[in-house]
There are 2 protein chains.
Amino acid sequence: MNAAAAVESLTRSVEDYLKAIYRLSPEGRHASTSEIAHLLELSAPSVSGMVKRLSELGLLEHVPYKGVQLTAEGRRAALRMVRRHRLIEAYLVAFLGYSWDGVHEEAERLEHAVSDTLVERMAAVLGNPTVDPHGDPIPAPDGSIHEPASVPLAEIPAGRTVEICRVDQSQPERLRYIASIGLKPGVEVRVTDRQPFRGPITIEAEGRTHVIGHELGQVLFCAPRDDR
Amino acid sequence: MNAAAAVESLTRSVEDYLKAIYRLSPEGRHASTSEIAHLLELSAPSVSGMVKRLSELGLLEHVPYKGVQLTAEGRRAALRMVRRHRLIEAYLVAFLGYSWDGVHEEAERLEHAVSDTLVERMAAVLGNPTVDPHGDPIPAPDGSIHEPASVPLAEIPAGRTVEICRVDQSQPERLRYIASIGLKPGVEVRVTDRQPFRGPITIEAEGRTHVIGHELGQVLFCAPRDDR
DNA sequence: GTCCAGATTTAGTGTCGGCTAAACCTGTGT
DNA sequence: ACACAGGTTTAGCCGACACTAAATCTGGAC
Ligand SMILES: [Mn+2]
Ligand SMILES: [Mn+2]
Ligand SMILES: [Mn+2]
Ligand SMILES: [Mn+2]
């Protein structure tokens, strides 16, 4: 109802809900109560209650028993948080010696405490980057964002050369392994072999050869290189 | 009672209470309910309630109707926050273009969100400073702190030369004025004239002459120079 | 068309941390 | 000795946000 919920002065909880719902409802899909609960590690009833309050605030559209979507207002608030989160990650990696498996946790708290001024100062000294350390795009201050098309490495046919552009960050342990074999956004990779039935993939990166499981190949995303 | 309150995982509220009480009870004095309420801009009953909880947690000693003091545990927690606050201020000024009248507000929020790791990284890139931008001493990681002796500029007799070492930061507006006439920690100041009855003080700093009110002279602190 | 498992919501509770109004204590003045 | 003002505490309230247990809906199997 209330169309003018102040995007500033939202609670830490609320901000995290909005970010989660943003992640879970791409392209007009609905995010379900249980998906949200699982992502935020909360009970389903807690989510139900918050969903009710947020839709009364005008940040969500709730279809009972189906799920929720962000309103324009909610989307703006969510993208604001995503921008903060990713810029903070970039800043910590660039200037304070963080590695990409540790930044997420720190950013998860800081994103709620920084002022708009501070975020923009960080962006400025970073040179207004467009991607974070995991290759995720950083929304512009006005909320616009464009997800560049990308394909899982696991779907690249043998023989092709591609560039890693994004890495799933959900498991820090896995992130550490990925870093240890030199894979990160910007690195060129040549797929030299692919075994069938979700079998291992052999790649060449930075002059070295690695054999990775199919599962890993699904969380490494590549730019679909126009091979000329 | 509970002697082992985890200093980590205190609430933002609790951390601010402890910091306030630390400021208000130097050298075994008691901080009164109304002093705390005034400093934190809360009602007296709110403070009464929190004081009860904190003393049950073992962070305070409460003498009803007299006031509170920090326990060793509470003092440790408070100094941890003071260190965070002052290091964050120093970092923001050194690396992110903040001026000393704006940092306090930002630090007031960030101090609750940073990890120990981040604080120490900031300290490291700053070269482990011992004072913040206002000249306030930064407690060591182990909680030790030493307040260097200092005298208000208003008490320096005419003819003496002193060095500004600390500036009261409670009024941003005043802080801006002080900065505008070039006074900041480290600057040398010669007192050329002092009028009686809390009258104006004439000083020379950085080659320029300024006349300041007595009141201002009371919030500018100087190292008592051993004139050799 | 009915039934059931699983998802979702509602009901009821608890803690934290704020508030106002009212009761209470304490030190000071007479 | 005692009243009173001002500070302090208690009583009672509320909103935010979590939880568990119970009720309810819904989509798919049959
Ligand atoms: Mn967060
Ligand atoms: Mn990221
Ligand atoms: Mn604070
Ligand atoms: Mn300071």
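Before reading on, note that the structure itself is shown above.
Residues numbered from 1 in each chain as written. Chains lettered and ligands numbered in written order. Predicted model: local features only at pLDDT ≥ 70, side-chain atom pairs only at ≥ 80, totals over all residues. Heavy atoms only, no water.

Go over the protein's contact with DNA strand C with me, naming the residues and quoting the values.
Neighbouring DNA strand C are 20 residues; A:S34, B:T11, B:S13, B:S46 and B:R53 lie closest to it. Near-protein atoms of DNA strand C (within 4 Å) split between backbone and bases, with sugar and phosphate holding 78%. One of the side-chain nitrogen or oxygen atoms of B:T11 is found 2.8 Å away from a phosphate oxygen of DNA strand C. Elements with a minimum of two residues in the surface near DNA strand C: α2 (33-40) and α3 (44-56) of chain A together with α1 (12-24) and α3 (44-56) of chain B. Among the residues making up the surface near DNA strand C, the classes are represented as nine nonpolar, nine polar and two charged. (Near = heavy atom within 4 Å. Polar contact = N/O pair within 3.5 Å; in protein donor to acceptor, adjacent residues only side chain to side chain. Helix = DSSP H or I, 4+ residues; strand = E, 2+ residues; numbered from the N terminus. Nonpolar A, V, L, I, M, F, W, Y, C, P; charged D, E, K, R; others polar.)

Please provide a residue-by-residue account of the pairing of strand β5 (residues 188-194) of chain A, values included.
Residue and element names in this part refer to chain A. Two strands pair when backbone bridges link them, and strand β4 (residues 161-167) and β5 are joined in this way by three bridges, in the antiparallel orientation. Residue pairing for β5: E163 is matched across the bridge by E188. Connecting β5 to the next strand, strand β6 (residues 201-205), in antiparallel fashion are six residues, including F197 with a positive phi near 55°. (Pairing = 2+ DSSP bridges.)

Give a detailed account of the protein's contact with DNA strand D, specifying residues and quantitative values.
Lining the immediate environment of DNA strand D, one finds 20 residues, of which A:T11, A:S46, A:R53, B:S34 and B:H62 sit closest. In DNA strand D, the atoms that sit within 4 Å of the protein are 78% sugar and phosphate, with bases accounting for the remainder. Among the elements of the structure, α1 (12-24) and α3 of chain A together with α2 (33-40) and α3 of chain B are those that each provide at least two residues to the surface near DNA strand D. Of the residues assigned to the surface near DNA strand D, the class counts are nine nonpolar, nine polar and two charged.

Can you tell me about the sheet that holds strand β3 (residues 151-152) of chain A, naming the residues and giving the values?
Spatially, the six strands line up as an open sheet ordered β3-β8-β4-β5-β6-β7 (chain A), and their pairing is antiparallel. Strands at the two margins of the open sheet, each flanked by one partner only, are β3 and β7 (208-212) of chain A.

Hey, could you go over the side chain of A:S115 for me, with residue numbers and the actual values?
Inspection of the secondary structure assignment puts A:S115 in the loop between α5 (103-110) and α6 (116-126). Here the side chain of A:S115 touches A:L118 through a polar contact of 3.0 Å, landing on its backbone nitrogen.

Can you break down unusual backbone geometry residue by residue, with the values?
Unlike most non-glycine residues, A:E41 shows phi in positive territory, near 55°. Mapped onto the elements of the fold, A:E41 is located in the loop between α2 and α3. In this model, B:N128 sits at a positive phi of 45°, which is unusual for a non-glycine residue.

Run through the packing of aromatic side chains, naming residues and quoting values.
Summed over the entire model, instances satisfying the criterion amount to two aromatic pairs over all chains. Where A:Y91 meets A:F95, the ring centres are 4.8 Å apart and the plane angle is 40°; that geometry is what we call tilted. Separated by four residues within a single helix, A:Y91 and A:F95 lie in helix α4 (residues 72-95), roughly one turn from each other. Looking at B:R121, its charged tip hangs above the ring of A:Y98, at a distance of 4.9 Å from the centre. (Phe/Tyr/Trp six-rings, centres within 6.5 Å; stacked < 30°, edge-to-face > 60°. Lys NZ or Arg CZ within 6 Å of the ring centre and 35° of its normal.)

Before we move on, could you go through the pattern of salt bridges and cite the residues and values that matter?
In total, this model carries 26 salt bridges over all chains according to the counting rule given. In this structure, A:D116 engages A:R84 in a salt bridge whose closest nitrogen and oxygen atoms are separated by 2.9 Å. Of this pair, A:D116 sits in helix α6 while A:R84 is found in helix α4, placing the two residues 32 residues apart along the sequence. The shortest N-O distance in the salt bridge between B:D16 and B:R12 comes to 3.7 Å. With B:D16 and B:R12 both in helix α1, this residue pair falls four residues apart, about one helical turn. Given the relative accessible area of 42%, B:R12 is considered partly exposed. Each of A:K19, A:E108 and A:E111 takes part in one network of salt bridges that share partners. (Salt bridge = Lys/Arg side-chain N within 4 Å of Asp/Glu carboxyl O. Buried < 20%, exposed > 50% of the residue type's maximum accessible area, 1.4 Å probe, protein only.)

How would you summarise the environment of B:H85 if you had to cite specific residues and measurements?
Residues and elements named next belong to chain B. If you trace the backbone, H85 turns up in helix α4 (residues 72-95). By relative accessible area, H85 is classed as buried at 5%. Sequence separation of H85 and P133 is 48 residues, and the distance between their C-alpha atoms is 11 Å. Setting aside residues up to four positions removed in sequence, H85 forms contacts with K19, H104, A107, E108 and E111. Polar side-chain contacts of H85 include one of 3.0 Å to the side chain of H104. (Contact = heavy atoms within 4.5 Å.)

Got a sec to walk through the relation of the copies chain A and chain B? Specific residues and values, please.
The two copies are related by a screw operation: chain A maps onto chain B through 180° of rotation and 0.0 Å of translation along the axis, at an RMSD of 0.1 Å. The superposition of one copy onto the other is thereby described by a two-fold rotation axis. The residues that chain A uses at the interface reappear at the interface of chain B in 100% of cases, marking a shared surface. (Least-squares fit on C-alpha atoms with pLDDT ≥ 70 in both.)

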